[in-house]
Amino acid sequence: MPSGLGGSYRSLADDVYKSTTVAENKFNMIESVKKAFSFVAPGNGRSDPLIVRDDGRPEPTIIPAIRDNRKMPTAGTPEETALLGKMPSDSMDDIELKKIDLQIPTVRSMSRDDSSVSEERVETARGSILVAVQGDRTKPAILTYHDLGLNYISSFQAFFNYIDMRALLDNFCVYHVNAPGQEEGALPLPDDYEYPTMDELAEQLMFVLSHFGLHHVIGLGVGAGGNILARFALANPEKVEALCLINVVSTQAGWIEWGYQKMNARYLRSKGMTQGVLDYLMWHHFGRGTEERNHDLVQVYRNYFERQVNPSNLALFIDAYVRRTDLKLVRELEPNRRKDSTTLLMPVMNITGSLSPHVDDTVTLNGRLDPTNSSWMKISDCGMVLEEQPGKVAEAFRLFLQGQGYGMTTVPSARFIDFTRSTSLDDSDLLSLTHWSNASIHITENPISEAVAC
């Protein structure tokens, strides 16, 4: 670019921007910065204004309000509180902790804690047995029998105290039968005592019915107790209206079961409740994997077997059970010959748990029953159904009782049932009750035929 032209541009720039960028005869930028620092310096008592107008008057100074950040800000109005999302700082001033109430959960008890249960000794041809009566004796009778290592308290007390079973207790009388020497606090049986066989234990039930003046009963048995009730029903079908059997074996003991049970009985007599016997009893009642699904319940029953079971008396009961004979039930397929068949003639509800070691045995039993008056039920996620799934068993048991002619007046909101004896049931009652029942219960008449059909 020519020097002359460049010079003209430089002079033009000086003339245009000189008046706006350079303060003539007033103050420059350096002085303004010095005044600003001198104003905010601590301890400086100068009062010179930062900016001076053209007319010589000082520019008004704005001093911002200083907020004390050490205190939580408070909202003045409810609208501000809602917008800021904060509570007023004084909202907690009037709250004072008065006391702390500890709520300790109820411990599962294996001792008799129901004053409404009365215990009586019944004399039989093979010695006396303890029978506990629960309910009004003028009402229809339910007869229960327990499994190995248990008694009426540890087997049925929690189930009949379940909230859904309260209505049943108001309309039935329950007779809990204990096997000889298996009751709570039982003394050791004499050394020369000959324990009854399974058939003789079933015959003792006739003495129980005669003692209390019962003409017929509804049976509820678990394991070995269910086997005893089935024998009694075979010998006295007119005395049993219906049977509810849980984890019941209808065949004689196999070699593996015989060996384990004989070893258990031997250890119980010589050493008491050993770890091997305890593990077998836990497997017999709960199946496998019990610790993972219900740790607290397992500990309760472990403590019960270790501390409250008489080992020598249990050994005698185990010996009687392992020497059981086959029930010799035969299913008759021809309708004309069913009445003469050697099977249970009364309605039977056959229940097991999906985790129970006796599932296959209950299927075998169901295959030997009359399909027109029996049903097989497998309840999921349990082995000991009365303890692990009492609600489902109670629901199924109530449905079973209605099918036997005990009319029910239901109130679904309160889940209360009034049982009264009736002559027949119409279809509307059955449909309404079936709709109200728990859908997670699987009932089938013959699982064997269903499996073949599939």
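Scroll up a little and you will see the structure.
Given the structure is predicted, the values throughout are model-derived calculations rather than measurements.

Overview of the side chain of His 284
Take His 284: it is sitting in helix α9 (residues 275-286). At a separation of 3.0 Å, a polar atom in the side chain of His 284 contacts the side chain of Asp 147. Contacts of His 284, omitting those with residues within four sequence positions, involve Asp 147, Leu 148, Pro 357 and His 358.

Quick notes on the pattern of salt bridges
Any two side chains of opposite charge can pair, on the condition that their charged atoms come close. Scanning the model with the defined rule gives 10 salt bridges in all. One salt bridge in this structure joins Arg 121 and Glu 183, with 2.7 Å as the shortest N-O distance. Of this pair, Arg 121 sits in strand β1 (residues 117-124) while Glu 183 sits in the loop between β4 (173-177) and α6 (198-212); the two residues are 62 residues apart in sequence, bridging distant segments of the chain. Using a relative accessible area of 44% as the deciding quantity, one classes Arg 121 as partly exposed. Glu 183 gets classed as buried once you look at its relative accessible area, which sits at 11%.

Notes on helix α8 (residues 255-270)
The end-to-end C-alpha separation of α8 is 23 Å, in line with the 22 Å expected for 16 residues at 1.5 Å each. Among all positions in α8, only Gln 261, Asn 264, Ala 265 and Leu 268 are buried. All buried residues of α8 fall inside an arc of 100 degrees around its axis, so they share one side. Seen from the open side of α8, the exposed residues pointing more than 90 degrees away from its buried face are Trp 255, Ile 256, Arg 266 and Ser 270. Summarising the contacts, the buried residues of α8 are in contact with α9 and α12 (311-322). The positive-phi residue at the C-terminal boundary of α8 is Gly 272, with phi of around 90 degrees.

Re the packing of aromatic side chains
Considering all chains together, one arrives at 11 aromatic pairs under this definition. Ring plane angle 40 degrees and centroid distance 6.1 Å describe the contact between Tyr 195 and Phe 317, whose orientation is recorded as tilted. Separated by 122 residues along the polypeptide, Tyr 195 in the loop between β4 and α6 and Phe 317 in helix α12 bring together distant segments of the chain. Accessibility assignment for this pair places Tyr 195 and Phe 317 in one class, buried. Of note, Arg 324 hangs over the ring of Tyr 321, and the distance from its end group to the ring centre comes to 4.3 Å.

Remarks on the packing of α6 against helix α7 (residues 224-235)
For any two helices packed against each other, the geometry is given by the interaxial angle and the distance between the axes. Orientation of α6 relative to α7, taken along the N-to-C sense of each, is 70 degrees, at an axis distance of 8 Å. Classified by the interaxial angle, the pair formed by α6 and α7 is roughly perpendicular. Classified by chirality, the crossing of α7 by α6 is right-handed. Along its contact with α6, which presents Met 198, Asp 199, Leu 201, Ala 202, Leu 205, Met 206 and Leu 209, the element α7 presents Ala 224, Asn 227, Ile 228, Leu 229, Arg 231 and Phe 232.

Observations regarding the environment of Leu 329
Turning to its location among the elements, Leu 329 is positioned in the loop between α12 and β7 (348-353). Put simply, Leu 329 and Ser 250 are 79 residues apart on the chain and 8.0 Å apart in space, counted from C-alpha to C-alpha. Sequence-distant contacts of Leu 329, defined by excluding residues within four places in its chain, comprise Leu 234, Thr 342, Thr 343, Leu 344, Leu 365, Arg 368 and Leu 369.

Let's talk about the nonpolar core
Membership of the largest hydrophobic core comes to 64 residues, with the highest contact counts inside it found for Leu 143, Tyr 175, Leu 243, Met 273 and Phe 305. With residues near it in sequence (within four places) discarded, Leu 243 still touches Gly 219, Leu 229, Ala 230, Ala 233, Leu 344, Met 346, Pro 347, Val 348, Met 349 and Phe 400.

Details of helix α13 (residues 359-367)
For an α-helix the count is 3.6 residues per turn, leaving residues at separations of three or four pointing the same way. Three or more residues of α13 are buried, namely Val 359, Thr 362, Val 363, Leu 365 and Asn 366. Buried residues along α13 cover an arc of 160 degrees about the axis, so they all sit on one side.

So, the packing of α8 against α12
In contact at an axis separation of 8 Å, α8 and α12 are set at 160 degrees when each is read in the N-to-C sense. Here α8 is positioned roughly antiparallel relative to α12, judged by the angle of their axes. Here α8 and α12 pass one another in a crossing that is left-handed. Of α12, the residues touching α8 (which contributes Glu 257, Trp 258, Gln 261, Lys 262, Ala 265, Leu 268 and Arg 269) are Pro 311, Ser 312, Leu 314, Ala 315, Leu 316, Ile 318, Asp 319, Tyr 321 and Val 322. Its residues placed into classes, the contact of α8 with α12 shows 10 nonpolar, 2 polar and 4 charged.

Parameters at a glance
Residues numbered from 1 in each chain as written. Predicted model: local features only at pLDDT ≥ 70, side-chain atom pairs only at ≥ 80, totals over all residues. Heavy atoms only, no water. Helix = DSSP H or I, 4+ residues; strand = E, 2+ residues; numbered from the N terminus. Polar contact = N/O pair within 3.5 Å; in protein donor to acceptor, adjacent residues only side chain to side chain. Contact = heavy atoms within 4.5 Å. Salt bridge = Lys/Arg side-chain N within 4 Å of Asp/Glu carboxyl O. Buried < 20%, exposed > 50% of the residue type's maximum accessible area, 1.4 Å probe, protein only. Expected span 1.5 Å × (residues − 1). Arc of directions from axis to C-beta. Phe/Tyr/Trp six-rings, centres within 6.5 Å; stacked < 30°, edge-to-face > 60°. Lys NZ or Arg CZ within 6 Å of the ring centre and 35° of its normal. Axes fitted to C-alpha atoms, helices over the stretch in contact; angles between N-to-C directions. Parallel < 35°, antiparallel > 145°, perpendicular 65-115°, else oblique. Left-handed = near helix turned anticlockwise from the far one by under 90°. Core = buried A, V, L, I, M, F, W, Y, C linked by side-chain atoms within 4.5 Å. Nonpolar A, V, L, I, M, F, W, Y, C, P; charged D, E, K, R; others polar.

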